[in-house]
Every structure is written in C-alpha cells, then in structure tokens.
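Below, each chain spelled out in residue letters.
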Amino acid sequence: MKIFLDSANLEEIEKASKLKVVDGITTNPTLMAKSGANLSMAKLIKKICSLISGLVSVEGVAIKKDEIIKEGKELAKIAKNIVYKIPISEDGLAAAYELEKQGVKTNITLVFSLSQALLAAKVGASFVSPFIGRLEDNGEDGLKLIEEIVSVFNRYQFKSQIIAASVRNVYHVKKAAFLGCHIATVPYKVLTQMYRHFLTDKGLQVFLADWQKIKK
Ligand code: G3P
C-alpha cells in the first residue's frame with residue numbers, strides 16, 4: 001500500500017520526505033489555508049511539488065463543468081506531478097471524464113458512499129477519496145465503506161486507485177492496508193504514530209540500562 005501525506009505544511013512535507021516512506025501528497029483548501037506559508041497558492045503548490053517526487057493532489061474551487069476543466073488544466077501546468085482533486089458532483093464527474101481523456105489525472109474527493117465511488121470509477125478518475133474520519137464523526141462506519149469500495153473495484157477491475165482519506169489514527173491506516181486499499185493519506189501526526197509503540201520505548205529503555213551494566 002502506498003502512503004501519502006495529507007498536508008500542505010512545508011515543514012511537515014520536508015520532514016516526511018526525508019523518512020522515505022511517503023509516496024505522494026494530498027492537500028485541500030483547508031490544509032492550504034492552514035499551511036502557514038506566506039506564499040501565493042501557485043507558489044505554494046510549486047514548492048510542495050518540488051519537495052516530493054510522487055503525485056500531489058491539489059483541489060480547486062470551480063463548480064461548473066467548464067470552469068472545473070479550465071481550472072484543472074491550469075493547475076496541471078504548475079508541475080508534472082499534479083493530480084487535480086474534484087469534489088463529487090454531476091459537473092465534477094463530467095469534468096473528470098474530459099480531463100482524464102486530455103491527460104490530466106483526477107482525484108474525486110468528498111466521497112462518502114459506494115455509489116459515489118462507483119461513478120468516479122466509471123468516469124475513469126485516476127483516484128477516488130472516501131473519507132473515513134468524517135463518516136465516523138457522523139456515526140457511520142468509514143472502514144466498512146473502504147471494504148465495500150475495495151471489493152467492488154476489484155470485482156469489476158476498475159482502474160481507479162482508492163485513497164483512504166480523512167484518516168485520524170493508526171488503526172485506520174492498518175485496516176485500510178488489511179482491506180487492500182491502494183493508498184492511505186495520513187496527517188503528519190499519524191505518520192509519526194505509525195513508527196511508535198510503547199513496548200518499543202520500554203524495550204529500548206531496558207536495553208540501554210542493561211548496556212550500562214555491561215560497561216561497569
Ligand atoms: O484531504 C481530505 C481529507 O483527508 C481531510 O481529512 O481530517 O479534514 O476529515 P479531515
């Protein structure tokens with residue numbers, strides 16, 4: 001499974017990039033607004049794309065089909081590793097179909113149901129982003145949705161890759177991997193939690209203490 005970092009924070013992206021476990025980046029307007037970088041949107045996107053060799057999902061604000069297509073093409077010009085993230089709607093699906101035909105990779109986002117994911121796959125979106133955490137916030141089973149989408153995409157051999165998004169904890173990442181999800185996009189905090197375990201810390205303390213005994 002690939003791991004993407006869900007962030008527009010340059011410091012986090014640089015640190016994550018050095019870990020050599022991150023295959024790409026996903027952003028959204030909220031993450032861009034929180035980035036803390038004093039850069040224009042275009043410059044921030046360009047900088048993010050320069051920090052990572054993998055794909056970088058960037059979301060716009062266009063609503064109508066023609067505007068979405070125009071915005072997608074403009075954003076795709078910023079760097080060759082851009083994926084254009086489109087919130088699901090009738091116009092968004094139609095625009096994704098056209099953009100994919102014209103060579104712009106798309107990521108259909110704000111996906112909360114199997115039917116939405118199915119339509120994203122039907123129009124040939126490169127990526128589909130179901131949101132685990134926000135479904136759980138709403139009392140629904142986000143991981144069940146991942147399981148359903150993985151099963152249906154595999155059964156019908158859809159080419160769209162599933163990005164488990166709105167990941168809030170390590171359990172979400174583990175389950176997404178276990179269920180056969182192609183990608184999980186994780187906040188920086190969750191990425192660092194993935195390599196930590198209290199038994200590792202405890203074990204290390206014992207090893208270091210025992211080493212001191214040997215030296216005496
Ligand atoms: O990038 C989309 C998604 O990962 C957002 O997550 O935590 O705002 O629901 P969250």
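Scroll up to find the structure.
Residues numbered from 1 in each chain as written. Predicted model: local features only at pLDDT ≥ 70, side-chain atom pairs only at ≥ 80, totals over all residues. Heavy atoms only, no water.

Student: How do you make sense of the overall build of the protein when you look at a structure like this?
Tutor: The secondary structure content of the protein amounts to 11 helices and 8 strands. Each principal axis of the C-alpha distribution contributes one length, and for the protein these read about 75 × 40 × 30 Å. Counting across all 216 residues of the protein, residues that qualify as buried make up 46%. If you average the places of the 31 positive and of the 22 negative side-chain charges in the protein, the two averages end up 8 Å apart. (Helix = DSSP H or I, 4+ residues; strand = E, 2+ residues; numbered from the N terminus. Buried < 20%, exposed > 50% of the residue type's maximum accessible area, 1.4 Å probe, protein only. Lys, Arg positive; Asp, Glu negative; His and termini not counted. Charge placed at Lys NZ, Arg CZ, Asp CG, Glu CD.)

Student: Is there a simple way to explain the side chain of T192 in this structure?
Tutor: Counting through the fold element by element, T192 comes out in helix 10 (residues 188–194). For T192, the side chain forms a polar contact with the main-chain oxygen of K189, separated by 2.8 Å. (Polar contact = N/O pair within 3.5 Å; in protein donor to acceptor, adjacent residues only side chain to side chain.)

Student: I'm lost on the sheet that holds strand 6 (residues 127–130) in this one. Help?
Tutor: Within a sheet, adjacent strands bond to each other through the backbone by hydrogen bonds, running parallel or antiparallel. Strands sit in the order 1-2-3-4-5-6-7-8 around a closed barrel of 8 strands; the barrel is parallel. Between one strand and the next, the sheet's axes are offset by a mean angle of 30°, whatever the strand orientation. Note that strand 4 (residues 82–87) and strand 5 (residues 106–111) share 4 bridges and pair parallel. Following the sheet pairing, Y84 is matched in strand 5 by T106. The strands that helix 4 (residues 65–78) touches are strand 3 (55–59) and strand 4; relative to strand 4, the one it contacts most, it runs at about 155°. (Pairing = 2+ DSSP bridges. Axes fitted to C-alpha atoms, helices over the stretch in contact; angles between N-to-C directions. Contact = heavy atoms within 4.5 Å.)

Student: Which parts of the structure should I look at to understand unusual backbone geometry?
Tutor: Generally, phi is negative for residues other than glycine and the peptide bonds are trans, each holding for most cases. The phi torsion at K20 lies on the positive side, around 60°, for a residue other than glycine. Here K20 is to be found in the loop between helix 1 (10–19) and strand 2 (24–26). Backbone geometry at S166 places phi at a positive 55°, although glycine is not the residue there. In this structure S166 comes out as buried when scored by relative accessible area, which is 10%.

Student: Help me understand helix 3 (residues 41–51), please; the structure alone is not making it clear to me.
Tutor: Because an α-helix completes one turn every 3.6 residues, residues spaced three or four positions apart along the sequence face the same direction. Along helix 3, the residues that are buried comprise L44, I45, I48, C49 and L51. Seen from one end, helix 3 has its buried residues packed into an arc of 160°, which puts them on one side. Those residues of helix 3 that are exposed and aimed more than 90 degrees away from the buried face are K43, K46 and S50. Those residues of helix 3 that are buried are in contact with helix 1, strand 2, helix 2 (29–33), strand 3, helix 4 and strand 4. (Arc of directions from axis to C-beta.)

Student: In this structure, what is going on with a nonpolar patch on the surface? I would like to understand it.
Tutor: A contiguous nonpolar patch, built from L19, V21 and Y195 and spanning about 270 Å² of accessible area, is present on the exposed surface. Positionally, Y195 belongs in the loop between helix 10 and helix 11 (198–215). (Patch = residues over 30% accessible without salt bridge, like charges linked within 9 Å, V, L, I, M, F, W, Y side chains within 5 Å. Areas by Shrake-Rupley, 256 points an atom, 1.4 Å probe, with all protein chains shown as cover. Salt bridge = Lys/Arg side-chain N within 4 Å of Asp/Glu carboxyl O.)

Student: Explain the packing of aromatic side chains here, please?
Tutor: How two aromatic rings sit relative to each other is given by the distance of their centres and the angle of their planes. One pass over the structure, following the stated rule, counts 3 aromatic pairs. Measuring from centroid to centroid gives 6.3 Å for Y156 and F158, while their planes differ by 45°, and the two rings are tilted. Note on F158: relative accessible area 22%, which makes it partly exposed. An aromatic cluster is built from F153, Y156 and F158, whose rings are joined through pairwise contacts. (Phe/Tyr/Trp six-rings, centres within 6.5 Å; stacked < 30°, edge-to-face > 60°.)

Student: In this structure, what is going on with the nonpolar core? I would like to understand it.
Tutor: Across soluble globular proteins, nonpolar side chains show a tendency to be buried alongside one another. Ranked by internal contacts, the top residues of the largest apolar core, which has 60 residues, are L5, I48, Y84, I108, A164, V186 and L191. Filtering out sequence-adjacent residues up to four positions away, I108 remains in contact with I86, I88, G92, A96, A120, A125, F127, V128 and S129. With 5 residues, the next largest nonpolar core counts F4, V83, F127 and I183 among its residues. (Core = buried A, V, L, I, M, F, W, Y, C linked by side-chain atoms within 4.5 Å.)

Student: Before we go on, may I ask you to explain the site of the ligand in this structure?
Tutor: Every residue near the ligand is listed here: D6, N28, K85, F131, R134, A165, S166 and R168. Here D6 contributes a side-chain N or O atom positioned 2.5 Å from an oxygen atom of the ligand. Relative to its unbound accessible surface of 310 Å², the ligand loses 83% to contact with the protein. Taken together, the residues of the shell around the ligand break down into 2 nonpolar, 2 polar and 4 charged. (Near = heavy atom within 4 Å. Nonpolar A, V, L, I, M, F, W, Y, C, P; charged D, E, K, R; others polar.)

Spatial relationships are all this shows, so hold off on functional conclusions.
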